[in-house]
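# Chains, contacts and geometry: an overview
Here is what each chain is made of, one letter per residue.
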Amino acid sequence: MKRLAGLCALMLLLCLGFGSATVFAVQPDEVLADPRMEQKAREISAELRCLVCQNQSIDDSDAPLARDLRLIVRERLKAGDDQSKVIEFVVARYGEFILLRPPFSAKTYLLWLAPLFLLAGGGYLAYRVFHRGDRKPTSIPTPLSEDERSQLRGILDGKQG
């Protein structure tokens, strides 16, 4: 019983440790003194892509570049910029690729619409494949002539014998 309780406690600690691994990306020396500004910084950082990791926000990444970007965000907030101004500043320096959720625009329409086109194409393909047996023949086959029947009998008899 004690062994089971110890195992459960270990599993709980492991789950909590893995679940909160991203909390350690922001270093204590980066945290702003004002909790509201820190919350804004976290919200902005969650929207910006780490250019090294590419599948993480800068808030989740331990990369040195992500740290630099987090510091830039906090500096801009301290300078008095609001959330949209900070994002505009970072996008002006690094391009729209830095946004984890890029806006719908002429440059990104394919990015946003490609999944819809792929889904529609896949649905059409699945419809064509699975409804193939429901089609009626376009022409009724003509019966074999006597010559064709005798040739067929000769072929079949030759193979069987």
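Residues numbered from 1 in each chain as written. Predicted model: local features only at pLDDT ≥ 70, side-chain atom pairs only at ≥ 80, totals over all residues. Heavy atoms only, no water.

Close contact between helix α3 (residues 64-78) and helix α4 (residues 83-94) brings their axes to 9 Å; oriented N to C, the two are set at 135 degrees. Judged on the interaxial angle alone, α4 and α3 are oblique. Helix-helix and strand crossings are classified by hand; for α3 and α4 the assignment is right-handed. On α4, the residues touching Leu 69, Ile 72, Val 73, Arg 76 and Leu 77 of α3 are Val 86, Phe 89, Val 90, Arg 93 and Tyr 94. (Axes fitted to C-alpha atoms, helices over the stretch in contact; angles between N-to-C directions. Helix = DSSP H or I, 4+ residues; strand = E, 2+ residues; numbered from the N terminus. Parallel < 35°, antiparallel > 145°, perpendicular 65-115°, else oblique. Left-handed = near helix turned anticlockwise from the far one by under 90°. Contact = heavy atoms within 4.5 Å.)

With respect to the helices and strands, Arg 74 occurs in helix α3. Leaving out residues up to four positions away in the same chain, Arg 74 has contacts with Val 26, Glu 30, Val 31, Leu 32, Glu 38, Ala 41, Arg 42 and Ser 45.

Moving on, we come to the pattern of salt bridges. If you walk through the whole model with that rule in mind, you get 5 salt bridges. Salt-bridge contacts for Glu 38 lead to Arg 42; the nearest nitrogen and oxygen are separated by 3.0 Å. Of this pair, Glu 38 and Arg 42 both sit in helix α2 (residues 35-47), 4 residues apart, roughly one helical turn. Overall, the relative accessible area of 8% leaves Glu 38 in the buried class. According to the relative accessible area criterion, Arg 42 is partly exposed, its value standing at 28%. Here Arg 76 makes a salt bridge to Asp 81, at a shortest N to O gap of 2.8 Å. What emerges from the salt-bridge pattern is a single network uniting Glu 38, Arg 42, Asp 59 and Arg 74. (Salt bridge = Lys/Arg side-chain N within 4 Å of Asp/Glu carboxyl O. Buried < 20%, exposed > 50% of the residue type's maximum accessible area, 1.4 Å probe, protein only.)

What follows covers the confidence of the model for the protein. Mean pLDDT over the protein: 79, with 78% of residues reaching 70 or higher. Looking at the elements of the protein, mean pLDDT is at its lowest for helix α1 (residues 2-19), recorded as 59, and at its highest for α4, recorded as 89. Scored below 50 in pLDDT, residues 19-24 makes 3 contacts in the model with residues more than four places away or belonging to other chains. (pLDDT = per-residue confidence, 0-100.)

Bringing the packing of α2 against α3 into the picture now. Close contact between α2 and α3 brings their axes to 10 Å; oriented N to C, the two are set at 135 degrees. The orientation of α2 with respect to α3, classified from their angle, is oblique. Pair α2 / α3 crosses with right-handed handedness. When α2 is examined against α3, the residues Met 37, Glu 38, Lys 40, Ala 41, Arg 42, Ile 44 and Ser 45 are found in contact with a partner set consisting of Arg 70, Val 73, Arg 74, Leu 77 and Lys 78. Of the residues belonging to the contact of α2 with α3, the class tally is 5 nonpolar, 1 polar and 6 charged. (Nonpolar A, V, L, I, M, F, W, Y, C, P; charged D, E, K, R; others polar.)

Next up on the list: α4. Its 12 residues place the ends of α4 17 Å apart at the C-alpha level, agreeing with the 16 Å of an ideal helix rising 1.5 Å per residue. Within α4, burial applies to Val 86, Ile 87 and Val 90. Down the axis of α4, the buried set is contained in an arc of 95 degrees. They therefore lie on one face. Looking at the packing, one finds that the buried side of α4 touches α2 and α3. (Expected span 1.5 Å × (residues − 1). Arc of directions from axis to C-beta.)

With respect to the element layout, Ser 61 can be found in the loop between α2 and α3. Its relative accessible area of 0% is what places Ser 61 among the buried residues.

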